[in-house]
Amino acid sequence: MERIYLDNAATTPLDDEVIDCMVNVLRFNYGNPSSTHSLGQEAKTILEEVRRKIADSLRVTPGEIVFTSCGTESNNMIIKSAVNYLGVERIITSALEHKCVAETCLEMKKLKGVELVYLRPDSNGDLDLVKLQEALKSSDKKTLVTLMHANNEIGNLLDIEKVAHLCKENNTLFHSDTVQTMAHLDLDFSKIPVDFASCSAHKFHGPKGAGFAFVRKSSGLKGIITGGPQERSLRAGTENVTGIAGLGKAWEIAQEKMEDYKNHIQDIKNYTIQQLKEKIAGIKFNGRSAEDSSLYTVLNLLLPYKNPLIGLQLDMKGIAISQGSACSSGASKPSMVLMSVLSEEDLDNSTPVRVSFSHFTQKSDIDAFVNALEEIGQQFVIEKADSLHR
């Protein structure tokens, strides 16, 4: 059975060049980068070349890039360290955040007594920046704002440059979960005064288990994993040289081909929207995901019937999609994001589905996906009608 992969917001397949790069490092660059002999220093050179490459793209200094295992670790380090070492007593966040940010904020409230202030999204999934400004001015407590750049479920984009300047004007730290936008959008942190940001390589055809945190040099952040002096003492432990090399190769490819990839994926997304509107009566789209202002890799649709088994049924046809974010898949209720933007009627009578694309996605994949949705929908209506007549 041919497999069709439409869950790229959860993870992406590795690029062949990335695999070749990692195999080469596994075979020849096995030294510990903290060792002073030549094998260790060769490994260290790999790390520093990747660090410099990323820093140049983001227009920051190499010392502001801290390698981690993933976006979740980066977000945990930033939020927990801001509370533990920078004196943060108040966090402004939203119901749209990734689970790793939401749960970490709740943990800081429970363990450290941090005050949590939530910005509520409207039905389109947008945050009111006037409300943010009011919240910034409403307290003298040392505050951290943590708001994601692009939502991983509905694709809404935050104006992080505007938010960063608002925070700067109000002497507030700003962290943005940029996992969905790193290497997909051109980010210039010399113009966007964000204090902290996060990245996972596996979101842009790199390996799982490799990522980084951007930590503004002036912030004073300290590490939460202690031990050796690795990563300028911000993240102790022997670095994942192979994973970081893969991250670097994936980053390099993404930067070189960003415009080509974006144009291809946006074309695929537009085609998907067109086909769904033509073939699925009553289809709706959640958040801003079907608009040009959204992240081009993500589309969240609302099927006009309740079918909690849709993901399984599509999987049996060889099509991989998501009914939420990967971190909450398998949950018996909709995610906090969808509960925030959908009405009770929609939640009771409709089925949300997330599809997400990469440069590997083809229109033939979309044709197969839409045809499968048609078949499942027709069968669902027939079975429902039969059950009502029994």
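Residues numbered from 1 in each chain as written. Predicted model: local features only at pLDDT ≥ 70, side-chain atom pairs only at ≥ 80, totals over all residues. Heavy atoms only, no water.

## Looking at the overall build of the chain
Argument step 1. Within the chain, the secondary structure is distributed over twelve helices and twelve strands.
Argument step 2. The globule rule puts the C-alpha radius of gyration for 390 residues at 21 Å, and the 22 Å found for the chain is close to it.
Argument step 3. For the chain, the C-alpha atoms occupy an extent of roughly 75 × 55 × 35 Å along the three principal directions.
Argument step 4. Of the contacts made within the chain by residues no fewer than 6 positions apart, 74% connect residues no fewer than 24 positions apart.
Argument step 5. About 17400 Å² of surface is accessible on the chain, with carbon and sulfur atoms providing 49% of the total.
Argument step 6. Across the chain, the 43 positively charged side chains and the 51 negatively charged ones have centroids separated by 5 Å. (Helix = DSSP H or I, 4+ residues; strand = E, 2+ residues; numbered from the N terminus. Rg over C-alpha atoms; globule rule 2.2 N^0.38 Å. Contact = heavy atoms within 4.5 Å. Areas by Shrake-Rupley, 256 points an atom, 1.4 Å probe, with all protein chains shown as cover. Lys, Arg positive; Asp, Glu negative; His and termini not counted. Charge placed at Lys NZ, Arg CZ, Asp CG, Glu CD.)

## Structural notes on the environment of Asp126
Argument step 1. Of note, Asp126 is situated in the loop between β4 (115-119) and α5 (129-137).
Argument step 2. As for Asp126 and Lys306, which are separated by 180 residues in sequence, their C-alpha atoms are 25 Å apart.
Argument step 3. If sequence neighbours within four positions are ignored, Asp126 has contacts with Arg120, Pro121, Asn156 and Arg288.
Argument step 4. Only 2.7 Å separates the side chain of Asp126 from the side chain of Arg288, close enough to count as a polar contact. (Polar contact = N/O pair within 3.5 Å; in protein donor to acceptor, adjacent residues only side chain to side chain.)

## Quick look at unusual backbone geometry
Argument step 1. Positive phi, close to 50°, is recorded for Glu231, a residue that is not glycine.
Argument step 2. The residue Glu231 is located in the loop between β8 (211-215) and α7 (241-256) in this model.
Argument step 3. Of note in the backbone geometry, Arg232 takes a positive phi value of approximately 55° without being a glycine.
Argument step 4. Considering the arrangement of structural elements, one finds Arg232 in the loop between β8 and α7.

## Let's talk about the sheet that holds strand β6 (residues 173-176)
Argument step 1. The strand order across the open sheet formed by seven strands is β2-β8-β7-β6-β5-β3-β4, and the pairing between neighbours is mixed. Pairing within the sheet leaves two strands with one partner each, and these edge strands are β2 (65-68) and β4. Each strand axis lies, on average, 20° off the axis of its neighbour in the sheet, ignoring direction.
Argument step 2. The sheet contact formed by β6 and strand β7 (residues 196-200) spans two bridges and is parallel. The partner of Ser176 across the bridge, within β7, is Ala197.
Argument step 3. Sitting on the sheet, helix α3 (residues 71-86) is in contact with β2, β3 (90-94), β5 (143-146), β6, β7 and β8, with an inclination near 155° to β7.
Argument step 4. Sitting on the sheet, helix α6 (residues 160-169) touches β5 and β6, and the angle it makes with β6 is about 160°. (Pairing = 2+ DSSP bridges. Axes fitted to C-alpha atoms, helices over the stretch in contact; angles between N-to-C directions.)

## Things to note about the packing of α3 against helix α4 (residues 99-112)
Helices that pack against each other are described as a pair by the angle of their axes relative to one another and the distance between those axes.
Argument step 1. At their nearest, the axes of α3 and α4 sit 9 Å apart, and the two run at 25° to each other. When the axes of α3 and α4 are compared, the pair comes out roughly parallel. Like other packed secondary-structure pairs, α3 and α4 cross with a definite hand, here right-handed. Facing α3, whose interface residues are Thr72, Asn75, Asn76, Ile79, Lys80, Val83 and Asn84, α4 presents Cys100, Val101, Thr104, Cys105, Glu107, Met108 and Lys112.
Argument step 2. Here the contact of α3 with α4 is built from residues that sort into six nonpolar, five polar and three charged. (Parallel < 35°, antiparallel > 145°, perpendicular 65-115°, else oblique. Left-handed = near helix turned anticlockwise from the far one by under 90°. Nonpolar A, V, L, I, M, F, W, Y, C, P; charged D, E, K, R; others polar.)

## Thoughts on the domain arrangement of the chain
Argument step 1. Parsing the chain into structural domains produces domain 1 (4-10 + 258-389) and domain 2 (16-253).
Argument step 2. Across the contact, 28 residues belong to domain 1 and 28 residues belong to domain 2.
Argument step 3. Contact between domain 1 and domain 2 buries roughly 2300 Å² in total, counting both sides, with carbon and sulfur atoms accounting for 55%.
Argument step 4. By the criterion of area lost to domain 2, the three top residues of domain 1 are Arg288, Leu295 and Val337, representing 26% of everything that side buries.
Argument step 5. Remark: the boundary between domain 1 and domain 2 carries one salt bridge.
Argument step 6. Between Arg288 and Asp126 there is a salt bridge, with its nearest N and O atoms 2.7 Å apart. (Domains from an automatic or database assignment. Buried area = accessible area lost by both parts, 1.4 Å probe. Salt bridge = Lys/Arg side-chain N within 4 Å of Asp/Glu carboxyl O.)

## Let's talk about the pattern of salt bridges
Side chains that differ in sign of charge can pair as their charged atoms come close.
Argument step 1. Applying the stated rule across the entire model yields 19 salt bridges.
Argument step 2. For Arg235, the salt bridge is made with Glu73, and the minimal N-O distance between the two is 2.6 Å. In this pair, Arg235 sits in the loop between β8 and α7 while Glu73 sits in helix α3, placing the two residues 162 residues apart along the sequence.
Argument step 3. In this structure Arg235 comes out as buried when scored by relative accessible area, which is 17%. (Buried < 20%, exposed > 50% of the residue type's maximum accessible area, 1.4 Å probe, protein only.)

## Describing the state of the cysteines
Argument step 1. This model, assessed by the stated rule, comprises zero disulfides.
Argument step 2. This cysteine, Cys105, is not joined by any disulfide, and Cys100 carries the nearest cysteine sulfur, 9.5 Å off.
Argument step 3. Judged by relative accessible area, which is 1%, Cys105 ranks as buried.
Argument step 4. The thiol of Cys199 is unpaired, and the distance to the nearest cysteine sulfur, on Cys70, comes to 11 Å. (Disulfide = S-S within 2.5 Å.)

## Concerning a negative patch on the surface
Argument step 1. The grouping of Asp16, Glu17, Asp20 and Glu256 at the surface amounts to a negative patch.
Argument step 2. Top element by residues in the negative patch is helix α1 (residues 16-28). It accounts for three residues.
Argument step 3. If you trace the backbone, Asp20 turns up in helix α1. (Patch = residues over 30% accessible without salt bridge, like charges linked within 9 Å, V, L, I, M, F, W, Y side chains within 5 Å.)

## Let's talk about the nonpolar core
Argument step 1. Leu58, Leu132, Phe189 and Phe212 are the most contacted members of the largest nonpolar core, which has 60 residues in total.
Argument step 2. The dominant element in this core, judged by the number of residues it contributes, is α7, at eight residues.
Argument step 3. The residue makeup of this core includes at least three contributed by each of domain 1 (4-10 + 258-389) and domain 2 (16-253).
Argument step 4. By size, the runner-up hydrophobic cluster in this structure holds 33 residues, among which are Ile268, Ile273, Ile280 and Val370. (Core = buried A, V, L, I, M, F, W, Y, C linked by side-chain atoms within 4.5 Å.)

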